[in-house]
Amino acid sequence: MNRITITVTTPSDPACLQLQDALSNTLQALTGSSGRASFDTQAWGENDFFLLAQDDNQYAVGCVAVRYLADSIGEIKRMYARPGTRGVGAQLLHALEAKALTQGYRSLWLETRQINQRALDFYLRHGYRIRENYGRYIGNAEAVCFEKTLVSPAQADRE
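Procedures and definitions
- Residues numbered from 1 in each chain as written.
- Predicted model: local features only at pLDDT ≥ 70, side-chain atom pairs only at ≥ 80, totals over all residues.
- Heavy atoms only, no water.
- Helix = DSSP H or I, 4+ residues; strand = E, 2+ residues; numbered from the N terminus.
- Buried < 20%, exposed > 50% of the residue type's maximum accessible area, 1.4 Å probe, protein only.
- Contact = heavy atoms within 4.5 Å.
- Areas by Shrake-Rupley, 256 points an atom, 1.4 Å probe, with all protein chains shown as cover.
- Lys, Arg positive; Asp, Glu negative; His and termini not counted.
- Salt bridge = Lys/Arg side-chain N within 4 Å of Asp/Glu carboxyl O.
- Polar contact = N/O pair within 3.5 Å; in protein donor to acceptor, adjacent residues only side chain to side chain.
- Core = buried A, V, L, I, M, F, W, Y, C linked by side-chain atoms within 4.5 Å.

Enquirer: Please explain the overall build of the chain as it appears in this structure.
Expert: Helix and strand counts for the chain stand at 4 helices and 7 strands. If you list the helices and strands of the chain from N to C, you get β-α-β-β-β-α-β-α-β-β-α. Counting across all 159 residues of the chain, residues that qualify as buried make up 46%. Considering only residue pairs separated by 6 or more positions, the chain has 62% of its internal contacts joining residues 24 or more positions apart. As displayed, the chain has an accessible area near 8700 Å², and 49% of this comes from carbon and sulfur atoms.

Enquirer: I tried to follow the environment of Leu-120 on my own but got confused; where do I start?
Expert: Of note, Leu-120 is situated in helix H3 (residues 117-125). Classification of Leu-120 by relative accessible area gives buried; the value is 8%. C-alpha of Leu-120 to C-alpha of Cys-145: the two residues are 25 residues apart in sequence and 9.5 Å apart in space. Sequence-distant contacts of Leu-120, defined by excluding residues within four places in its chain, comprise Thr-112, Arg-113, Gln-114, Val-144 and Phe-146.

Enquirer: Is there a simple way to explain the side chain of Asp-55 in this structure?
Expert: Position of Asp-55 relative to the elements: it lies in the loop between strand S2 (49-54) and strand S3 (60-70). One buried charged side chain, Asp-55, makes no salt bridge at all; its nearest oppositely charged neighbour is Arg-82, positioned 8.1 Å away. In this structure the side chain of Asp-55 is engaged in a polar contact, spanning 3.0 Å, whose partner is the backbone nitrogen of Tyr-59.

Enquirer: When you look at the nonpolar core in this model, what are you seeing that I'm missing?
Expert: Nonpolar side chains tend to gather and get buried jointly when the protein is soluble and globular. Among the nonpolar cores identified, the biggest contains 26 residues, and Ile-76, Met-79, Leu-93, Leu-96, Leu-108, Tyr-123 and Tyr-128 are the most heavily contacted of them. Mapped onto this core, the elements with two or more residues apiece are S2, S3, strand S4 (73-81), helix H2 (88-102), strand S5 (107-113), H3 and strand S7 (143-149). Here this core gets 6 residues from one element, more than from any other, and that element is H2. Not counting residues within four places of it along the chain, the set of residues in contact with Tyr-128 comprises Ile-76, Leu-93, Glu-97, Leu-108, Leu-110, Tyr-123, Phe-146, Glu-147 and Lys-148. Core analysis: the next-biggest nonpolar cluster, separate from the first, contains 11 residues, Ala-15, Ala-22, Leu-23 and Tyr-80 among them.

Enquirer: Honestly, the pattern of salt bridges in this entry has me stumped. Any pointers?
Expert: Oppositely charged side chains can form a pair if their charged atoms are brought close together. By the definition in use, this model includes 8 salt bridges. Residue Lys-148 is joined to Glu-97 by a salt bridge in which the shortest nitrogen-to-oxygen separation is 3.2 Å. With Lys-148 in strand S7 and Glu-97 in helix H2, this residue pair connects regions lying 51 residues apart in the sequence. Here Lys-148 and Glu-97 have matching classes, each one buried. Between Glu-111 and Arg-113 there is a salt bridge whose closest N-O contact spans 3.2 Å.

Without other data, these values stay purely geometric and don't point to any function.
See below:
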């Protein structure tokens, strides 16, 4: 696999739109919902950010967004890595957590579907824990919500 470069961009970046379409198609096939309804770029705020992963050939291989949810809590949205790009998801998540800390977020939350076992395993493997459903996911038996408290590298060294 080529070296991956991760940059901050916007959800309207053409490469990000292409990746979001691929994600929506994947989610539609897996869960029956594209997930588009829960990501409104019109409500994009100053603490929201979008990351794009590209390989050495500038080919877009993954993306993820964080949007403001509540005081010091960011919500992970539209996480996607192209099939066959092993390790890209983990690199994106690591970059997202580091960037979230610099944006003042202390906790990250997200939702995925019960049927999406690959996503469930991915987030558990990366230190996220299942929490009670929040916001629009309350009462949705198909939804699984996660959270992770972010720790700066300096804090991690002291622990």
